[in-house]
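Structural description and commentary
In case you want the letters, here they are:
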Amino acid sequence: MFESLIGLVAIIALFVIISRQQSRIGLIERELGALRSLVLSGAVPPAARPSEQEAAEGKADTAPAAEGKADTAPAAVPAADIAPAAISEPALVQATEAEIPATERVPGPWSTPEATPKTPEAAPAAAAKAAGQSDVETALGTRWAVWVGGIALALGGLFLIRYTIEAGIFGPGVRLTMAAVLGLVLVAGGEFIRRTGFKVPVQGVAGAYIPAILTAAGAFILFGTVYAAHGVYGFIGPALAFTLLGAIGIATIAAALVHGQALAGIGLVGAMVTPVLIASQAPNPWALFGYLAIVLAATGVIARMRDWKALMAAAFFGTGIWTILYMTDAPGANLSTILFIDTVTLAVLAFVWLSSRGGETGPARIFDWPSIVPGLFVAFSALGLSVDPVFAAADDALPGAVLLMAMVAVALYRPLALPLLYAAGLATVVIYLGIIPPTSIGSDFSSGALGVDGVPLVTANALSLRLGIGLGLVFIAAGLWAARTFAASAQIRAASWAAWGVIVPLVILLALWLTFGNLDRDFAYAAVAALLVVVFAAGGEWIARAEEPPLKGGVAVSFVLAGAAVAGLLMLHMAFDSGWTTILLGAAAIVPALATRWRSYPVLGWISVAAVIAVLGRVAFDPTIVGAGFLSTTPVFNWLLPGYGVPALGFGFAAWQLARTTDGRPRLAMEAAAALFALLTLAMLVRHAMHGGVINSDAPTLAEQAIYTLIAIGAGAILIAIDRRSPSSVLRYGSMAVGVVSVAFVAVQHFLVLNPLFTDESTGRIPVFNLLFLAYLLPAAAAGGLALYSRGKRPKWYSAMLALVAALLAFGYATLSVRRLFKGEFIGLWSGLGQLETYTYSALWLVIGVVLLTAGVWLKSQVLRIASAGLIAVAVLKVFLFDMSELEGVLRALSFIGLGAVLIGIGLFYQRLLTRAAKEKG
C-alpha cells in the first residue's frame with residue numbers, strides 16, 4: 001500500500017510538472033510567432049540584408065543633395081540596429097523548430113527533404129552551381145560522408161576502448177572515463193554546431209544533419225559506457241546504472257526537439273532496453289514501472305509538441321510489452337503495479353498526447369491511429385485479469401472491469417481515442433463468451449451451452465454476474481449518449497458507439513442467461529430483454545432527433561434499432577417454448593412494418609426481413625415446430641398449421657404495409673417470404689397427413705409428390721393473379737420460378753424416380769380415381785390451365801413449357817391407364833407386354849396425337865402441334881420397328897391399317913387448313 005501511495009503521488013507530481021512546462025513552452029511559441037510575423041511582414045527595416053544595404057548606400061552616394069531623405073535616415077538606423085539584436089538570440093531562435101520560417105528551417109535527420117526558396121538574385125547562381133555537380137558527387141560528399149562519419153565516430157570510441165584494453169595502456173576506470181568524455185564531447189559538438197547557425201548547404205541533403213548525427217553517436221557511446229561500467233567491470237551498482245541509462249535515454253529523447261524524430265527513436269529504444277540490461281537480485285516492480293511511466297510521459301510531451309505519431313505509438317508499444325511480460329509471471333505479479341502502469345498509459349493518452357488541438361475532432365479524422373496501441377495492450381491487461389485462472393482466483397476481475405470502464409471513459413473524453421472503444425468492447429465480449437459453461441460441439445444446444453474442450457474459459461460466479469450488469473449499463477449509457485452527440489457531425493464515430501452500445505449488453509445478457517438462467521423458460525431474463533427492447537427503441541428515436549436532418553434514420557439509428565430487434569428475439573426465446581417462439585417471431589415481423597407509418601427509417605423494413613431469416617432458421621432446425629414427440633397426428637389441426645401459417649400471414653401483412661410506406665427491397669423480400677411460407681404450410685400439412693403424423697420420413701410417395709406438384713402449380717397461378725393486381729418483380733419472377741420448379745419435379749419425380757412402372761407401387765383398386773388420376777391427370781389439367789392463364793402475362797417460353805408438360809402428363813396418364821387396364825393394380829415393367837396391349841398403345845398414341853393436333857389448331861398453339869407431330873412420329877416408329885416384329889396376324893394388319901388411315905387423315909386435314917388460309921389471303 002505504501003508503494004502504491006508513493007507511485008500515485010509521483011505520477012500526480014509528474015503531470016503537474018508536465019502541465020506547467022507545456023504552459024511555458026506555449027508562451028515561448030506565441031512570442032516566437034509574434035516575432036516571426038513582424039519579420040515576415042516587413043515591419044522591421046531589413047537593414048540586415050546586405051544587398052539592400054548596398055543599394056541604399058549607392059543611392060546615398062549618387063544623390064547627396066537629397067537632404068529631406070537624409071533627415072529620415074538617423075531615425076531608421078537605431079531600429080535596424082536593435083531588431084537584429086533582439087531576434088538573433090540563439091536561445092529564442094533555436095527554441096522550437098516549429099516556429100522557424102520555411103526559408104530558415106534546418107531539417108532534422110531522416111526528415112522529408114524540402115526545397116529551400118531562394119531570392120530572385122541568388123536563384124540563377126545556385127541553379128548554375130547545382131547544374132555543375134553530379135548527383136553521385138552530392139550524395140557521396142554530403143549525405144553518405146556524414147552518415148558514415150557518424151557511425152565511424154561511434155565505432156571509433158568503442159574500438160579505442162578495446163585497444164586500450166588489449167594494450168593495457170590504461171586501467172578500466174580511465175578507459176571508461178575516456179569513453180564517457182568522448183560521448184559528451186560528441187554531444188557538445190553537435191550542440192555547438194547547431195547553435196552557431198548550422199544549415200544544410202546543399203538542397204536535398206536534409207537527412208545528413210550533422211548536429212543530430214553527432215548527438216546520436218555520443219548517446220550511443222554513453223549508453224555503452226554506462227552498461228560496461230555496470231555489466232562488465234561492476235564499478236557501479238544496478239540502481240545507479242539503471243538511473244544513468246534512463247537519464248541518458250530521456251535526455252536523448254528531449255534532444256530530439258531540436259534534432260528530429262529519429263534521435264528520439266534512438267533514445268526511446270535505449271530507455272526501453274535499459275531494464276533488460278540491468279539485472280537485480282531483488283527486482284522492484286515499482287521501480288520498473290515508475291521508470292517506464294516517466295519515460296512514457298516524457299516521450300508523450302515531446303511527441304505531442306512535434307506531433308510525432310510514430311514515436312508516440314512506439315512508446316505505448318514498449319510500455320505495453322513490459323506490462324504483458326510482467327503479467328506472465330502471474331503468481332508473483334503485483335496487481336497495483338499493473339493498474340498503475342495501465343492508468344498512466346491512459347492518462348498520457350488522454351491528457352498529453354490527445355490534449356485539445358484545433359480541428360482534431362472534425363469529420364476528417366475519425367480516430368487517432370497511435371491510440372490503437374494502448375487500446376490493445378490495456379484491453380489485453382483487463383482480459384488477463386479476468387481470464388487467467390490465477391488472477392481470477394484472486395478476484396482481479398473487478399480491477400479488469402474497472403480498466404475496461406476507464407477505456408470507455410477515455411474514448412468518451414477524447415473522441416479521437418475511438419480504438420479504445422473497440423478494444424474494450426471486444427475484450428468484454430470475449431470475457432463473457434468465456435463464462436458460458438462448456439459442452440462438446442456435437443451435443444444438443446438445448447442440453448448445454450458453449451465451451452472449448454470441456455474446459456471453462458472463465459470462472460462464472462456472482463462477481464461475474466454483477467460485473468456483467470455494470471459493464472452492460474456503462475456501454476449502453478456511453479454508447480447512446482455518444483451516438484447522439486456525434487449523430488450530426490461524425491456518422492462513422494456515432495455508428496461505432498451505437499454498435500458497441502448494443503453488442504456488448506446483448507452478448508452479456510445471452511452469456512448470463514446461458515450460464516445462470518433456466519434455458520427452458522426464464523421470465524426474469526425475459527423481462528431484462530424486454531427492458532432492453534424499450535431502451536434501444538427509445539434510444540434510437542433519441543439519436544434520430546439529433547441527426548441532420550432530423551429523423552433520417554442513419555447508420556447509428558439502424559444499429560440501435562437492430563439491437564432492439566435482437567433483444568426481442570432473445571426475449572421470445574427466454575419466455576416461451578419453441579412452438580410459441582416460432583409463431584410469435586413470425587407475427588413480430590408486423591411490428592417494424594407498422595412502425596414505418598410514423599418513421600421512414602430504412603432499417604425498419606430490413607428488421608422484418610431479419611425476422612423471416614430467424615423463422616427460417618428455426619424451422620430448418622426443427623421442422624416439426626414443437627418437436628417430433630409433441631406433434632399430434634391429427635390432420636391439418638396441429639402445430640404445423642399455426643407454426644407455418646401464422647408467419648405466412650405475418651409476412652404477407654408486413655409486405656402489404658411496406659408497399660404503402662417505404663416500398664423498397666424489404667417489401668419484395670417479404671412478399672417472397674409470404675409466398676414461400678404459404679407453400680410450406682400446404683406442403684407440410686400434406687406430408688403430415690400422408691404419413692400419419694410423421695413429417696421426417698425419407699421415403700416420399702407418388703401421391704405425396706403429386707400433391708406438392710399441384711400446390712406449386714396453384715401457387716404459380718396465385719402469384720400471377722396477385723402480381724396482376726399489385727405488380728412486383730418478386731411476384732413476377734417468383735411465379736416463374738415456381739413454375740420451373742414444378743416442371744423439374746414432374747420430370748424427375750413423376751416420370752423417373754416415383755413412376756409406378758419402375759417402383760411397382762400400388763396404383764389403387766378403384767378403376768378411375770386412383771393414383772394415376774392424382775399423379776398425372778390432375779397435374780396435367782393444372783399445368784394446362786396455368787399455361788392458358790399465363791399466356792400474355794408471362795414470356796412465351798413459360799407458357800410453352802407448361803403446355804408441353806401438360807401434354808406429357810396427359811400422355812403418361814393415358815399410357816399408364818392402358819397398362820393398368822391390362823395388368824391390374826401393379827404395373828411394373830417386369831410383368832411383360834401382351835400383343836393386344838402393344839397394339840393398344842399404338843392406337844392410343846395415334847388418337848392422342850390427333851387430339852393434340854386439334855387442340856393446337858383450336859388454341860393456336862404451336863407447341864401442341866409440335867407435340868402432336870412428335871407423338872405421331874413415335875407411333876410411326878413403334879409400328880414399323882416394334883409392331884412388325886412383335887405382332888402377328890390380324891393385329892399386325894390392323895396396326896398398319898390404322899396408322900395409314902390416321903396419316904392420310906392428317907394430310908387431308910392440313911390440306912384443308914392450307915386451302916382455307918389461301919382463300920382468306922385472297
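None of these values were measured; they are calculated from a predicted model.

1. Describing the overall build of the protein chain
Tallying secondary structure elements over the protein chain gives 34 helices and zero strands in all. Each of the 922 residues in the protein chain was classed as buried or not, and the buried ones make up 43%. In the protein chain, of all internal contacts separated by at least 6 residues, the share reaching a separation of at least 24 is 72%. Carbon and sulfur atoms make up 71% of the accessible area of the protein chain, which totals about 45,400 Å².

2. Side note on the pattern of salt bridges
Within the structure shown, the criterion is met by seven salt bridges. Between E541 and R545 there is a salt bridge, with its nearest N and O atoms 3.1 Å apart. Of the two residues, E541 and R545 both sit in helix α20 (residues 523-545), four residues apart, roughly one turn of that helix. Take R545: its relative accessible area is 51%, and that puts it in the exposed class. Residue E541 pairs with R599 through a salt bridge whose shortest N-O separation is 2.7 Å. Taken as a pair, E541 in helix α20 and R599 in the loop between α23 (590-595) and α24 (602-621) lie far apart in primary sequence, 58 residues in all.

3. Side note on the confidence of the model for the protein chain
The predicted coordinates ought not to be read in detail in places where the model reports low pLDDT. In this model, the protein chain carries an average pLDDT of 74, and 65% of its residues clear a pLDDT of 70 or more. With pLDDT under 50 throughout, residues 358-363 is counted as low confidence; its partners more than four residues away or in other chains account for seven contacts. With pLDDT under 50 throughout, residues 439-454 is counted as low confidence; its partners more than four residues away or in other chains account for 20 contacts.

4. Quick word on the side chain of R414
Within the secondary structure, R414 sits in the loop between α16 (397-413) and α17 (418-434). The class for R414 is buried, based on a relative accessible area of 11%. Polar contacts involving the side chain of R414 include one to the main-chain carbonyl oxygen of A350, which spans 2.7 Å. Among the polar contacts listed, one links the side chain of R414 to the backbone oxygen of L354, at a separation of 2.9 Å.

5. Description of the nonpolar core
In this structure, M407, Y432 and W497 are the most contacted members of the largest nonpolar core, which totals 114 residues. Looking at this core element by element, the count peaks at 14 residues for helix α19 (residues 491-516). With sequence-adjacent residues up to four places away left out, W497 is seen in contact with V408, A411, L412, L418, L421, A478, G479, A482, A483 and F486. By size, the runner-up hydrophobic cluster in this structure holds 29 residues, among which are L771, L772, A780 and Y813.

6. A look at unusual backbone geometry
Going from E548 to P549, the amide bond is cis rather than trans, its omega being -5 degrees. Look at D307: it is not a glycine, yet its phi comes out positive at around 55 degrees. Along the chain, D307 falls in the loop between α11 (285-306) and α12 (309-327). The phi torsion at L551 lies on the positive side, around 60 degrees, for a residue other than glycine.

7. Some details on a nonpolar patch on the surface
On the surface, V748, L752, V753, F758, L829 and W830 cluster together to form a nonpolar patch covering roughly 630 Å² of accessible area. Its location among the elements puts W830 in the loop between α31 (796-823) and α32 (835-859).

Calculation notes
Residues numbered from 1 in each chain as written. Predicted model: local features only at pLDDT ≥ 70, side-chain atom pairs only at ≥ 80, totals over all residues. Heavy atoms only, no water. Helix = DSSP H or I, 4+ residues; strand = E, 2+ residues; numbered from the N terminus. Buried < 20%, exposed > 50% of the residue type's maximum accessible area, 1.4 Å probe, protein only. Contact = heavy atoms within 4.5 Å. Areas by Shrake-Rupley, 256 points an atom, 1.4 Å probe, with all protein chains shown as cover. Salt bridge = Lys/Arg side-chain N within 4 Å of Asp/Glu carboxyl O. pLDDT = per-residue confidence, 0-100. Polar contact = N/O pair within 3.5 Å; in protein donor to acceptor, adjacent residues only side chain to side chain. Core = buried A, V, L, I, M, F, W, Y, C linked by side-chain atoms within 4.5 Å. Patch = residues over 30% accessible without salt bridge, like charges linked within 9 Å, V, L, I, M, F, W, Y side chains within 5 Å.

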